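# Remarks on the overall topology
Chain by chain, the residues:
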Amino acid sequence: MNSNNPAPCPILARLFSHKGEKPTPSSWLRPVFLFVLLAASLSLAAQTPFETPGWTKPFPPFRIAGNLYYVGSEDLASYLLVTPQGDILINSNLESSVPLIKQSIETLGFHLSDVKILLISHAHYDHCAGSARIKQLTGAKYYVMDADVSVVESGGKTDFQYGDQADMYFPATHVDRILHDGDTVALGGTVLTAHLIPGHTRGTTTWTLDETEAGRTLHTVIVGSPNVNPGYKLVDNKVYPRMAEDYQYGFSVLNFLPCDIFLGSHGGYFNLTAKYPRWKTGDRDAFIDLAGYKAYIANREHAFLTELHRQQAGSH
Ligand SMILES: [Zn+2]
């Protein structure tokens, strides 16, 4: 999950922010606050932490470029790469997303059972909770960045931030190949490169590949997540001491990736809902957006630095 998406209910985000802040409503506000709290806790039965309506809202599947297809929901992005030797799926999303992903793949005329390799953007449940089910349905091999492997294989229990929050757990899933920064994943002529962009999780991965469309080579970037979640301790973090340095390293990589097609683990990163209508009316360049990529990374780096300076000022 990430903090960059608009939360439908700020109280929900607050409940799970782990900021250690206690709301201090004045006495006349207290009944209102308790009511909102009750409503929020009731909604938890149906919603997972951080969930927004876009996570589970179906979205039309479509071909982005070359052999790359969008098969995610409105906000939880999943990508299918179709090759002559089987397919690669990036992001399994929520457990409840799996039937949606399957439907999207079938609508495009492909088969979930052809998925041979499963990849993820990072080890948070909104991108990897469906992995155990996808593996079961397809027999796909699961490739995960080294620093996220223990989180994936423990079902979230070793996460530095959420390891003690049972509502953030997901089905523990065996990893078949451990990836390292710069590793490539190849199948049927398609080659992806795994870039370690740590901070959001220790093993957050930005995927790059070159697509060919109408005779052009298009550098494609699928951003893992550069976001600092509420409650992340960038300063004096005993569990993850190098967190701030990791974010800084990640931005130094993201700032120099060549990018034509800008994508990410959430539709919100690259403005999916605004670009798709353009694509639908025939603009096949709708997702070519270097300026949007640069602006997004600059915006997220600024947000990171602002939060870092806020925490540094508070620690003195
Ligand atoms: Zn996340």
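Structure: see above.
Below is a summary of the structure that appears in this document.

What counts, and at which threshold
Residues numbered from 1 in each chain as written. Predicted model: local features only at pLDDT ≥ 70, side-chain atom pairs only at ≥ 80, totals over all residues. Heavy atoms only, no water. Helix = DSSP H or I, 4+ residues; strand = E, 2+ residues; numbered from the N terminus. Buried < 20%, exposed > 50% of the residue type's maximum accessible area, 1.4 Å probe, protein only. Polar contact = N/O pair within 3.5 Å; in protein donor to acceptor, adjacent residues only side chain to side chain. Pairing = 2+ DSSP bridges. Axes fitted to C-alpha atoms, helices over the stretch in contact; angles between N-to-C directions. Contact = heavy atoms within 4.5 Å. Salt bridge = Lys/Arg side-chain N within 4 Å of Asp/Glu carboxyl O.

## Overview of the side chain of Asn-67
One can find Asn-67 in the loop between strand S1 (62–65) and strand S2 (68–70). Judged by relative accessible area, which is 18%, Asn-67 ranks as buried. For Asn-67, the side chain forms a polar contact with the side chain of Thr-190, separated by 2.7 Å.

## So, the sheet that holds strand S11 (residues 216–223)
Spatially, the five strands line up as an open sheet ordered S8-S9-S10-S11-S12, and their pairing is mixed. If you trace the sheet from one side to the other, it starts and ends with strand S8 (184–187) and strand S12 (261–264), each paired once. Taking the axes of each pair of neighbouring strands and ignoring which way they run, one obtains an average angle of 20 degrees across the sheet. Where strand S9 (residues 190–196) lies against strand S10 (residues 205–213), four bridges are found, and the strand directions are antiparallel. Opposite Thr-193, over in S10, you have Thr-208 as the bridge partner.

## Overview of the sheet that holds S1
The strand order across the open sheet built from seven strands is S1-S2-S3-S4-S5-S6-S7, with neighbouring strands paired in mixed fashion. Strands at the two margins of the open sheet, each flanked by one partner only, are S1 and strand S7 (177–179). Between one strand axis and the next, the sheet turns through 25 degrees on average, direction left out of account. Sheet topology note: the strand S4 (residues 86–90)/strand S5 (residues 115–119) ladder contains four bridges and is parallel. Directly across from Ile-90, in S5, lies its bridge partner Leu-119. Packed onto the sheet, helix H5 (residues 131–138) meets S4, S5 and strand S6 (141–145) and runs at close to 165 degrees relative to S5.

## Topic: the pattern of salt bridges
Inspection of every chain in the model, using the stated rule, returns eight salt bridges. Here Glu-74 and Lys-57 are joined by a salt bridge, their closest N and O atoms 3.3 Å apart. Highlighted residues: Glu-74 in the loop between S2 and strand S3 (79–83) and Lys-57 in the loop between helix H2 (30–43) and S1, separated in sequence by 17 residues. Assessed through its relative accessible area of 44%, Lys-57 is described here as partly exposed. Among the salt bridges present, the one from Lys-275 reaches Asp-289, with a minimum N-O distance of 2.7 Å. One end of the pair, Lys-275, is in helix H8 (residues 272–280); the other, Asp-289, is in the loop between H8 and helix H9 (290–314), with 14 residues separating them in the sequence. Residue classification places Asp-289 among the buried residues on the basis of a relative accessible area of 18%.

Any link to function would need more than the numbers given here.
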